[in-house]
There are 2 protein chains.
Amino acid sequence: MKRNELTENIFRKKSFLCVGLDPDIRKLPACLQGSDGRRVADFCKAIVDATAPYAVAFKPNTAFFESLGAPGWEALAEVVAHIRANHPDQFIIADAKRGDIGNTAALYARTFFETLDVDAVTLNPYMGEDSVRPFLDHKGKWSVILALTSNPSATDFETVADAKGMALYERVLRRSRHWGSPVDTMYVVGATRADSLDGVRAIVPRHFLLVPGVGAQGGSLEEVAAHGMIDECGLLVNSSRAIIYASAGEDFAAAAAAAAADMAARMAPLLPARPHLRLP
Amino acid sequence: MKRNELTENIFRKKSFLCVGLDPDIRKLPACLQGSDGRRVADFCKAIVDATAPYAVAFKPNTAFFESLGAPGWEALAEVVAHIRANHPDQFIIADAKRGDIGNTAALYARTFFETLDVDAVTLNPYMGEDSVRPFLDHKGKWSVILALTSNPSATDFETVADAKGMALYERVLRRSRHWGSPVDTMYVVGATRADSLDGVRAIVPRHFLLVPGVGAQGGSLEEVAAHGMIDECGLLVNSSRAIIYASAGEDFAAAAAAAAADMAARMAPLLPARPHLRLP
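Residues numbered from 1 in each chain as written. Chains lettered and ligands numbered in written order. Predicted model: local features only at pLDDT ≥ 70, side-chain atom pairs only at ≥ 80, totals over all residues. Heavy atoms only, no water.

Some words on the overall build of chain A
1) Next: Scanning chain A from terminus to terminus reveals 12 helices and eight strands.
2) Next: Against the globule reference of 19 Å for 280 residues, chain A gives a C-alpha radius of gyration of 18 Å, in line with a compact fold.
3) Next: Oriented by its inertia axes, the alpha-carbon framework of chain A measures out at about 55 × 45 × 35 Å.
4) Next: Evaluated residue by residue, chain A yields a buried proportion of 65% over its 280 residues.
5) Next: Within chain A, counting contacts between residues at least 6 apart in sequence, those at least 24 apart form 74% of the total.
6) Next: When the accessible surface of chain A is totalled, it reaches about 9500 Å², and 51% of it is carbon and sulfur. (Helix = DSSP H or I, 4+ residues; strand = E, 2+ residues; numbered from the N terminus. Rg over C-alpha atoms; globule rule 2.2 N^0.38 Å. Buried < 20%, exposed > 50% of the residue type's maximum accessible area, 1.4 Å probe, protein only. Contact = heavy atoms within 4.5 Å. Areas by Shrake-Rupley, 256 points an atom, 1.4 Å probe, with all protein chains shown as cover.)

Here it is, written out as structure tokens:
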């Protein structure tokens, strides 16, 4: 999906919600039947169908599928194919946080962009450009690079300053913004660090930011919008648990829809007036 | 596998060779038949059986298996089970370079340590302690943390110095050495940066180092040993392509055995006199 298409969808739906698909086998509603892989696939497809009207993106977290072994990969492929077939206006991000080089990175890129056919993959920048370049080589696809994450130990390395006072995550932004461009690169910036968003925007004024950490982790949607939103929105705010586990009963999909609708209703007034969309 | 068991194996076999299993479907010998998953599994098992006498560890690179989807995961599980059943003295490292937090990291740890039952997983430290802790919680298993990698763009971030002149990879070593200990933590340090090994050893004098980059990438085995070896060896030197693709013909396993034997023969004289093994 192209950048202007994603932006169009955001303004049309008045939502910049990304629904995180983290199907923990121990938390699935009891009403789902069958093998673990079957239940995970059915759960995710029901969540997708229920929440799609209020969301512009879905972010399956590959760890939850991988933990089931081969049947988990089959479930992931089934969920992605289901979104593609039934909700073609949704942007799909494989939250895989891959970081490897050369042949290995090229293989990961093929796995996610060709075998699975998602739009974007989250990437870990530790090893530098070598670990991102093979993903950028896939035209029309996106690299979502970890910058400043929402977890407590982000301060171990991400926020440590170099001799010039530049934090590691700022260096990641400064260097990597030239590897690609705002039409193929996004950044992960945690909502729990909304006060850092002004500094992030000073470095990457036009890139989309994928923002986890609203809700369960304590980040504020309004703070994120105040510090991170640009004329073209430029934000995808992710919510996982608060939506997909809104109910553990037979009404799980309806409850997820209500939670997603609530998030979208809070997002709509935060969007700027519809911009002139002239982006590639 | 415990640390002293691994060290015993090294001195008994006079080898600190780790054979990297990177089964690229496009490079497999033509004599292998069947589905892609079948060929990958048969290839790896033949390589394992042929090279096991000269190696103390195997390192399947998960990307090469994942690129086949579900059948790739089945092949990986089959290869790991084959090593466990037929070569119980081999240390198995899943080269997955995972880096995630909380529930997700805990799931990855269960996937690799329980579902697959490998001894160790390679981990990316960018997000800090949160991304390693769930792996260390599995007693008897190992975290292999990326420190200084062998790729050119390791200089993008890994070698950048902070205000006190400490490079990021040195900070990773300094902080993370206290998360676990030399009995559950190893570090990846590339052979192409052997001159940095003295500094690494000044920070982590007893930890095992997993060293890629000898051979195809230009690192020197002798240089690595000169700067990185300790009384108890403390090194696992990885070779992938030079061994597993030594021949593309029907003699691929025999050629791999010969290449592994050659590496082991070069390793034996580099080992110190057998130490008193009193480690836990």
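Some words on empty space enclosed by the protein
1) Next: Summed over all chains, the structure comprises two cavities of 30 Å³ or more.
2) Next: Surrounding the largest cavity, 16 residues form its lining, Val 160 and Leu 168 of chain A together with Val 160, Asp 162 and Leu 168 of chain B being those nearest its centre.
3) Next: Those elements giving two or more residues to the lining of the largest cavity turn out to be helix 8 (168-176) of chain A together with helix 8 (168-176) of chain B.
4) Next: For the lining of the largest cavity, a count of residues per class yields 12 nonpolar, no polar and four charged.
5) Next: As for the second largest cavity, its lining consists of Pro 23, Asp 24, Ile 25, Val 40, Phe 64, Ser 67 and Leu 68 of chain A together with Leu 107 and Arg 110 of chain B.
6) Next: Tallied by class, the residues present in the lining of the second largest cavity amount to six nonpolar, one polar and two charged. (1 Å grid on protein atoms, 1.4 Å probe; cavity = no way out; pocket = protein on both sides within 12 Å on 5 of 7 lines; lining within 4 Å. Points joined across faces, edges and corners; volume = space filled by probe spheres on them. Nonpolar A, V, L, I, M, F, W, Y, C, P; charged D, E, K, R; others polar.)

Things to note about the sheet that holds strand 5 (residues 142-148) of chain B
All names here are of chain B.
1) Next: Taking strand neighbours around the barrel as the criterion, the eight strands line up as 1-2-3-4-5-6-7-8 in a closed arrangement whose pairing is parallel. Strand-to-strand, the axes of this sheet are offset by a mean angle of 30 degrees, without reference to chain direction.
2) Next: Bridge analysis of strand 4 (residues 120-123) against strand 5 gives four bridges, and the strand direction is parallel. Bridging from a neighbouring strand, Leu 123 pairs with Ile 145 of strand 5.
3) Next: Running over the sheet, helix 5 (residues 102-115) touches strand 3 (91-98), strand 4 and strand 5 and is turned about 155 degrees from strand 3.
4) Next: The strands touched by helix 10 (residues 221-228) are strand 7 (208-211) and strand 8 (235-239); relative to strand 8, the strand with the most contacts, the crossing angle is about 160 degrees. (Pairing = 2+ DSSP bridges. Axes fitted to C-alpha atoms, helices over the stretch in contact; angles between N-to-C directions.)

Observations regarding the relation of the copies chain A and chain B
1) Next: With an RMSD of 0.0 Å, chain A superimposes on chain B once it is rotated by 180 degrees and translated 0.0 Å along the axis. This pairing of chains is accounted for by a two-fold axis. (Least-squares fit on C-alpha atoms with pLDDT ≥ 70 in both.)

Here we look at the environment of Asp 42 of chain A
Residue and element names in this part refer to chain A.
1) Next: Within the secondary structure layout, Asp 42 lies in helix 2 (residues 36-51).
2) Next: Look at Asp 42 and you get partly exposed, because its relative accessible area is 28%.
3) Next: Along the backbone, Asp 42 and Val 79 are 37 residues apart, and their C-alpha atoms lie at a distance of 8.3 Å.

Quick look at the packing of helix 2 (residues 36-51) of chain B against helix 12 (residues 252-267) of chain B
Residues and elements named next belong to chain B.
1) Next: Helix 12 packs onto helix 2 with a crossing angle of 40 degrees between their chain directions and a minimal axis gap of 8 Å. One element, helix 2, and the other, helix 12, form an angle in the oblique class. Here helix 2 runs over helix 12; the crossing is right-handed. Between helix 2 and helix 12, the residues in contact are Phe 43, Ala 46, Ile 47, Ala 50 and Thr 51 and Phe 252, Ala 253, Ala 256, Ala 257 and Ala 260, respectively.
2) Next: Counted by class, the contact of helix 2 with helix 12 contains nine nonpolar, one polar and no charged residues. (Parallel < 35°, antiparallel > 145°, perpendicular 65-115°, else oblique. Left-handed = near helix turned anticlockwise from the far one by under 90°.)

A short note on helix 5 of chain B
Residues and elements named next belong to chain B.
1) Next: Counted at 1.5 Å a residue, the expected span for helix 5 with its 14 residues is 20 Å, and the 19 Å between its end C-alpha atoms agrees.
2) Next: Every buried residue of helix 5 is listed here: Thr 104, Ala 105, Leu 107, Tyr 108, Ala 109, Thr 111, Phe 112 and Phe 113.
3) Next: Residue Asp 117 follows helix 5 closely and has a positive phi angle near 60 degrees. (Expected span 1.5 Å × (residues − 1).)

Description of the confidence of the model for chain A
1) Next: Averaged over chain A, the pLDDT score is 94; the fraction of residues at 70 or greater is 98%.
2) Next: Prediction confidence for the complex, expressed as pTM and ipTM, is 0.95 and 0.94 respectively. (pLDDT = per-residue confidence, 0-100.)

Some words on the pattern of salt bridges
1) Next: Using the criterion set out here, one finds 40 salt bridges over all chains in the structure.
2) Next: Taking the shortest distance from any N to any O, the salt bridge between Glu 66 of chain A and Arg 98 of chain A comes out at 2.9 Å. With Glu 66 of chain A in helix 3 (residues 62-66) and Arg 98 of chain A in strand 3 (residues 91-98), this pair connects stretches of sequence that are 32 residues apart.
3) Next: Judged by its relative accessible area of 1%, Glu 66 of chain A falls in the buried class.
4) Next: In this structure Arg 98 of chain A comes out as buried when scored by relative accessible area, which is 1%.
5) Next: Put simply, Asp 95 of chain B and Lys 59 of chain B hold a salt bridge, and the shortest N to O gap is 2.9 Å. Taken together, the residues span a long stretch of sequence, with Asp 95 of chain B in strand 3 and Lys 59 of chain B in strand 2 (residues 57-60) at a distance of 36 residues. Judged on exposure class, the residue Asp 95 of chain B and its partner Lys 59 of chain B are both buried.
6) Next: Connected through salt bridges with shared partners, the residues Arg 38, Asp 42, Lys 45 and Glu 78 of chain A form a single ionic network. (Salt bridge = Lys/Arg side-chain N within 4 Å of Asp/Glu carboxyl O.)

Topic: helix 1 (residues 3-13) of chain A
Side chains three or four residues apart in an α-helix point the same way, a direct result of the helix having 3.6 residues per turn.
All names here are of chain A.
1) Next: For helix 1, every residue scored as buried is listed here: Arg 3, Leu 6, Thr 7, Asn 9, Ile 10, Phe 11 and Lys 13.
2) Next: Looking at the buried positions of helix 1, the neighbouring elements they touch are strand 3, strand 5 (142-148), strand 6 (185-189), strand 7 (208-211) and strand 8 (235-239).
3) Next: Of the residues trailing helix 1, Lys 14 is marked for its positive phi of about 55 degrees.

Some points on the packing of aromatic side chains
1) Next: All chains considered together, the criterion is met by 12 aromatic pairs over all chains.
2) Next: Geometrically, the ring pair formed by Phe 113 of chain A and Phe 135 of chain A is edge-to-face, given 6.0 Å between the ring centres and 85 degrees between the ring planes. Note that Phe 113 of chain A is positioned in helix 5 (residues 102-115) and Phe 135 of chain A in helix 6 (residues 133-136), a separation of 22 residues in sequence.
3) Next: Owing to a relative accessible area of 2%, Phe 135 of chain A belongs among the buried residues under this scheme.
4) Next: Ring geometry for Trp 73 of chain B and Phe 112 of chain B: centres 6.3 Å apart, planes at 45 degrees, overall tilted. Here Phe 112 of chain B lies in helix 5 and Trp 73 of chain B lies in helix 4 (residues 70-86), a separation of 39 residues in the sequence.
5) Next: Here Trp 73 of chain B falls in the buried class, since its relative accessible area comes to 5%.
6) Next: Look at Phe 112 of chain B and you get buried, because its relative accessible area is 0%.
7) Next: Taken together, the ring pairs in this structure connect Phe 43, Tyr 245 and Phe 252 of chain A into an aromatic cluster. (Phe/Tyr/Trp six-rings, centres within 6.5 Å; stacked < 30°, edge-to-face > 60°.)

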